[in-house]
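Residues per chain are reported as follows:
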Amino acid sequence: MTDGVERVREIRQTEDRFLASDIFEGSDRTIGPANGVGEIEEEARSIPIYHKADVAVIGGGPAGCAAAYSAAKAGADVVLLERYNHLGGLSTGGLVIWIDRMTDWEGRHVIQGFARDFIDRMPKEGVAGPPLADWGSRDPGKADYWRLRTSAFHGIVSWAPTLDPERMKLLAQEMLLEAGVRLVFHAWAAKPSMRDGKVAGAIFESKAGRQAVLADVVIDTTGDGDIFARAGGEFEDDIEQGDVHHSMNTSFLIGGVDMERWLEFRAASVDQFNQFTALGREQLRFFQTPYVTWRNEIAVFMGPRQSGLSALDVDDMTEVEIRSHRFMAAHCDFFRRHAPGFENAYMLQSAPQLGVRHTRRLAGVSKIERRNWGTGAPAQDEIGISPSVSPKYPVVSVPYGCLVPRHLDGLLAAGRHISCDANSHGFMREIPQCWLTGHAAGAAAAIAANRGIAPRQVDISELRGLLRKQGAFLSND
């Protein structure tokens, strides 16, 4: 197979990067450039109002689910627009079923609130991860065991479970319906609705045509900042091109495997494993090893990861999808021929959602920055706590200001596009952190809508009190 993919370099595991990975940069493209030139005029038209609400959540990924749930539980009338047929975003449709760490390096469960409620309600057969008694353990045997199962880092066992994506879809749906959220699937938000310079809703497209939702507060949880960017909100988009956090891929599941046998080979036969990976790179030119899932007979591949392509460019996104489907077939065949435990492997499912790590980041009232990682000091407007990237750093305090645009009113942002620098984005984009910021955004939006004030005017003490009431974990708790 020759599609012009070149391996740039191997990103090795360091204190700031949990998963080592090869990164592949695109050169030749499968499909040539489009031939469109010029412009056409779109006629003016009246757009019917589909629904009016206190809070409109745009995007049903982890942050959007948490935001809609917390706002509704606080008494707000909430509508959520989702472009796919399910909730959960990359954690479900993207098959990013490994949920990153929710404990600090001492084993404290610091990301709670919606995140804890959600996982506690998952069926036991849909959750794979270390028992509570092992969280924070530095026992070498336990750390080695859970390291291969994506739940131990730097020799410390963490609460970082792997979840069943279909169970996650169903649970998120039922939790939101139970809370009274109005769900709208197959609805792609095209642009914000503006009134007097403020975001007042969103215009969306569906099979019913172009319609609008109006709301007192809009929460942008698109992951790419589509709504705040199109409303004129400021944002940043700098990132290291060769970094795993900039790359894209379509994840896939391979069935018919024996993961325990594969992990035994990987742990006990280091030389043979290194020879295996060298052969994979030689034969495939792009290569990715699998991760565990919630079942022994299913493996997930969250790569190969591709850099130099933009998730805001339709041709680049198409290119990633074409390559990723080829990668899936090639990896399944290679592993079936060469990998212990994969003799009966077959292609089970490719993710319906593209795995995007970074596009835009909000320019907010405040910002999470690497220079502040070492202080451990709680922000005055703290709305949550994130684990840090390595034991040499304390936990990271997440300020409310990183959800609030500098100048744009009527809107909050939550999820992977919050206000942070490129380094902090590497962990603030993960699913638990998206649950954390979504939870806070939903609670703040409910307060703002209830009091008839702008989101930036929300009283921090009132917000923190509501978050604690809803189970969030803050400093000194």
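Please read these numbers as outputs of a predicted model, since none were measured by experiment.

Focus: the overall build of the protein chain
Along its length, the protein chain carries 11 helices and 23 strands. Relative to the compact-globule value of 23 Å for 477 residues, the protein chain shows a C-alpha radius of gyration of 22 Å, a close match. Dimensions of the protein chain along its principal axes, counting C-alpha atoms only, are 65 × 60 × 40 Å. Per-residue burial over the protein chain gives 60% buried out of 477 residues. Taking as baseline every contact in the protein chain between residues at least 6 positions apart, the subset at least 24 positions apart corresponds to 72%. As displayed, the protein chain offers around 19600 Å² of accessible surface, 46% of which is attributable to carbon and sulfur atoms. Averaging the positions of the 52 positive and the 62 negative side-chain charges in the protein chain gives two centres separated by 2 Å.

Details of the packing of aromatic side chains
All told, the structure shown has 27 aromatic pairs when counted by the stated rule. Seen from their ring centres, tryptophan 262 and phenylalanine 342 are 5.8 Å apart, and the 85° between their planes marks the pair as edge-to-face. With a gap of 80 residues between them, tryptophan 262 in helix H6 (residues 259-268) and phenylalanine 342 in the loop between helix H8 (314-338) and strand E18 (346-350) connect regions that are remote in the sequence. Tryptophan 262 sits in the buried class, given a relative accessible area of 0%. Note on phenylalanine 342: relative accessible area 0%, which makes it buried. An aromatic cluster of three or more residues is present, and its members are Phe252, Trp262, Phe265, Phe273, Phe276, Phe287, Phe301, Phe334, Phe335 and Phe342. Arginine 83 extends its terminal NZ or CZ atom over the ring of tryptophan 188, reaching a point 4.5 Å from the ring centre. For arginine 149, the ring lying beneath its charged end belongs to tyrosine 145, and the centroid distance is 3.6 Å.

Notes on the packing of helix H10 (residues 431-451) against helix H11 (residues 460-469)
Two numbers describe how H10 lies on H11: the axes approach to 10 Å, and their chain directions differ by 125°. Comparing their axes, H11 and H10 come out oblique. For the crossing formed where H10 meets H11, the hand is right-handed. Together, His439, Ala440, Ala443, Ala444, Ile447 and Arg451 of H10 and Glu462, Leu463, Leu466 and Leu467 of H11 make up the contact between the two elements.

Considering the pairing of strand E16 (residues 298-301)
Burial of the side chains of E16 extends over both faces: Ile298 and Val300 are buried on one face and Ala299 and Phe301 on the other. In terms of strand pairing, strand E15 (residues 252-255) meets E16 through four bridges, oriented antiparallel. Along E16, the bridge assignment pairs leucine 253 with valine 300.

Considerations on unusual backbone geometry
A cis geometry characterises the amide bond from glycine 303 onward to proline 304, with omega recorded as 5°. Even without a glycine there, the phi angle at histidine 154 is positive, about 55°. With respect to the helices, strands and loops of the structure, histidine 154 is situated in the loop between strand E6 (152-153) and strand E7 (156-157). Non-glycine residue arginine 285 carries a positive phi angle of around 70°. By secondary structure assignment, the location of arginine 285 is in the loop between helix H7 (270-284) and E16.

Comments concerning the pattern of salt bridges
Using the criterion set out here, one finds 29 salt bridges in the structure. For aspartate 100, the salt bridge identified is with arginine 101, shortest N-O distance 3.9 Å. Each member of the pair, aspartate 100 together with arginine 101, is buried. Two residues, arginine 406 and glutamate 234, come together in a salt bridge whose shortest N-O distance is 3.5 Å.

Observations concerning the nonpolar core
If you look at soluble globular proteins, the nonpolar side chains tend to sit buried side by side. Counting residues in hydrophobic clusters, the biggest one holds 90 residues, and the most contacted among them are Phe118 and Trp435. Here this core takes 13 residues from H10, the largest share from any one element. Dropping the residues within four chain positions of it, tryptophan 435 is found in contact with Pro62, Ala66, Ile99, Met102, Phe114, Ala115, Phe118 and Ile119. Counting residues in each nonpolar core, the second largest holds 25 residues, with Phe276, Val292, Ala299 and Ala345 among its members.

Details of the state of the cysteines
The final tally for this structure, using the stated rule, is zero disulfides. Not part of a disulfide, cysteine 402 finds its nearest cysteine sulfur in cysteine 420, a span of 7.6 Å. Unpaired in terms of disulfides, cysteine 434 finds its nearest cysteine sulfur in cysteine 420, a separation of 10 Å. When its relative accessible area of 7% is taken as the criterion, cysteine 434 is described as buried.

A few points about H6
Restricting attention to buried positions, one finds in H6 the residues Met259, Trp262, Leu263 and Phe265. All buried residues of H6 project into a common sector of 155° when viewed along the axis, lining one side. The outward face of H6, more than 90 degrees from its buried face, is lined by the exposed residues Glu264 and Ala268. The N-capping residue of H6, defined by a side-chain oxygen 3.3 Å from the backbone nitrogen of glutamate 260, is aspartate 258.

Procedures and definitions
- Residues numbered from 1 in each chain as written.
- Predicted model: local features only at pLDDT ≥ 70, side-chain atom pairs only at ≥ 80, totals over all residues.
- Heavy atoms only, no water.
- Helix = DSSP H or I, 4+ residues; strand = E, 2+ residues; numbered from the N terminus.
- Rg over C-alpha atoms; globule rule 2.2 N^0.38 Å.
- Buried < 20%, exposed > 50% of the residue type's maximum accessible area, 1.4 Å probe, protein only.
- Contact = heavy atoms within 4.5 Å.
- Areas by Shrake-Rupley, 256 points an atom, 1.4 Å probe, with all protein chains shown as cover.
- Lys, Arg positive; Asp, Glu negative; His and termini not counted.
- Charge placed at Lys NZ, Arg CZ, Asp CG, Glu CD.
- Phe/Tyr/Trp six-rings, centres within 6.5 Å; stacked < 30°, edge-to-face > 60°.
- Lys NZ or Arg CZ within 6 Å of the ring centre and 35° of its normal.
- Axes fitted to C-alpha atoms, helices over the stretch in contact; angles between N-to-C directions.
- Parallel < 35°, antiparallel > 145°, perpendicular 65-115°, else oblique.
- Left-handed = near helix turned anticlockwise from the far one by under 90°.
- Pairing = 2+ DSSP bridges.
- Salt bridge = Lys/Arg side-chain N within 4 Å of Asp/Glu carboxyl O.
- Core = buried A, V, L, I, M, F, W, Y, C linked by side-chain atoms within 4.5 Å.
- Disulfide = S-S within 2.5 Å.
- Arc of directions from axis to C-beta.
- Polar contact = N/O pair within 3.5 Å; in protein donor to acceptor, adjacent residues only side chain to side chain.

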